[in-house]
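Descriptive structure summary
The chain contents come next:
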Amino acid sequence: LREEVERTGAILHRLTDLRRVASNDTQGADINREISSLVTLYRSSLFLTHDTQCTLDLDPELKPHRISSHALRQILTNLIKNAVEAMPMGGALTLATRHNVNVDGKDFVEILVQDHGPGIPDTVLRNLFKPVTSTKGDRHSGLGLSITRNLIKDAQGTIRCRSGSKGTE
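Residues numbered from 1 in each chain as written. Predicted model: local features only at pLDDT ≥ 70, side-chain atom pairs only at ≥ 80, totals over all residues. Heavy atoms only, no water.

As a further point, take the environment of Gly 144. Summarising the element assignment, Gly 144 is placed in helix α6 (residues 144-154). In this structure, the C-alpha to C-alpha distance between Gly 144 and Ile 75, residues 69 residues apart in sequence, is 8.8 Å. (Helix = DSSP H or I, 4+ residues; strand = E, 2+ residues; numbered from the N terminus.)

In this section: α6. Considered for burial, the residues of α6 that qualify are Leu 145, Ser 146, Ile 147, Thr 148, Leu 151 and Ile 152. A positive backbone phi angle near 60° is found at Gln 156, which sits one or two residues after α6. (Buried < 20%, exposed > 50% of the residue type's maximum accessible area, 1.4 Å probe, protein only.)

Mapped onto the secondary structure, Asn 78 falls in helix α4 (residues 69-85). Polar contacts involving the side chain of Asn 78 include one to the side chain of Thr 148, which spans 2.8 Å. Once residues lying within four places of it in the same chain are set aside, the contact partners of Asn 78 are Gly 144, Ile 147 and Thr 148. (Polar contact = N/O pair within 3.5 Å; in protein donor to acceptor, adjacent residues only side chain to side chain. Contact = heavy atoms within 4.5 Å.)

So, on to the pairing of strand β1 (residues 52-57). Both β1 and strand β2 (residues 91-103) contribute to a ladder of six bridges, which runs parallel. Of the residues in β2, the one forming a bridge with Gln 53 is Ala 92. In this region the chain leaves β1, passes through α4 and returns to the parallel neighbour β2; the handedness of that crossover is left-handed. (Pairing = 2+ DSSP bridges. Right-handed = clockwise from strand over helix to strand, strands pointing away.)

In this structure, Phe 47, Ile 80, Leu 93 and Leu 95 are the most contacted members of the largest nonpolar core, which totals 26 residues. Looking at this core element by element, the count peaks at seven residues for α4. For Leu 93, the contacting residues outside a window of four places in its chain are Phe 47, Thr 52, Gln 53, Cys 54, Thr 55, Ile 80, Ala 83, Val 84, Met 87, Val 113, Gln 114 and Asp 115. (Core = buried A, V, L, I, M, F, W, Y, C linked by side-chain atoms within 4.5 Å.)

Here it is as structure tokens:
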């Protein structure tokens with residue numbers, strides 16, 4: 001129990017640090033550059049060890065966006081790791097960006113993380129962005145997508161998930 005409390009405390013501490021850094025980061029982030037940087041890093045580590053092929057489809061017209069680069073990297077890291085882990089036998093991952101996506105009269109930037117795994121069961125999908133007990137085993141806290149949702153909400157964005165037998169986005 002003590003180990004679990006300490007581990008959870010460490011996760012919450014990291015989240016606090018991200019929010020503090022985010023409030024000091026006023027220049028915004030180059031989303032395409034952050035994605036490309038993470039993909040370069042993961043090609044020789046995470047993607048290699050999980051036999052994952054990554055395709056980029058980045059919108060060249062995308063301008064820097066009003067989000068902390070540190071928060072963006074945490075969001076992307078959580079989503080990319082979840083996608084890769086959803087394909088234990090390897091597979092294809094697509095990362096895409098689009099500018100000027102209109103939702104209810106407001107312009108947004110879209111970041112798409114798409115895997116070709118088996119999809120998320122309905123029982124898990126219902127609570128996907130809530131802090132829950134992880135279905136992935138002891139090495140996972142069950143807080144990753146909850147933290148991701150909160151970071152996106154802090155950046156005045158939204159997160160959605162579509163999942164089926166041919167993958168998740």
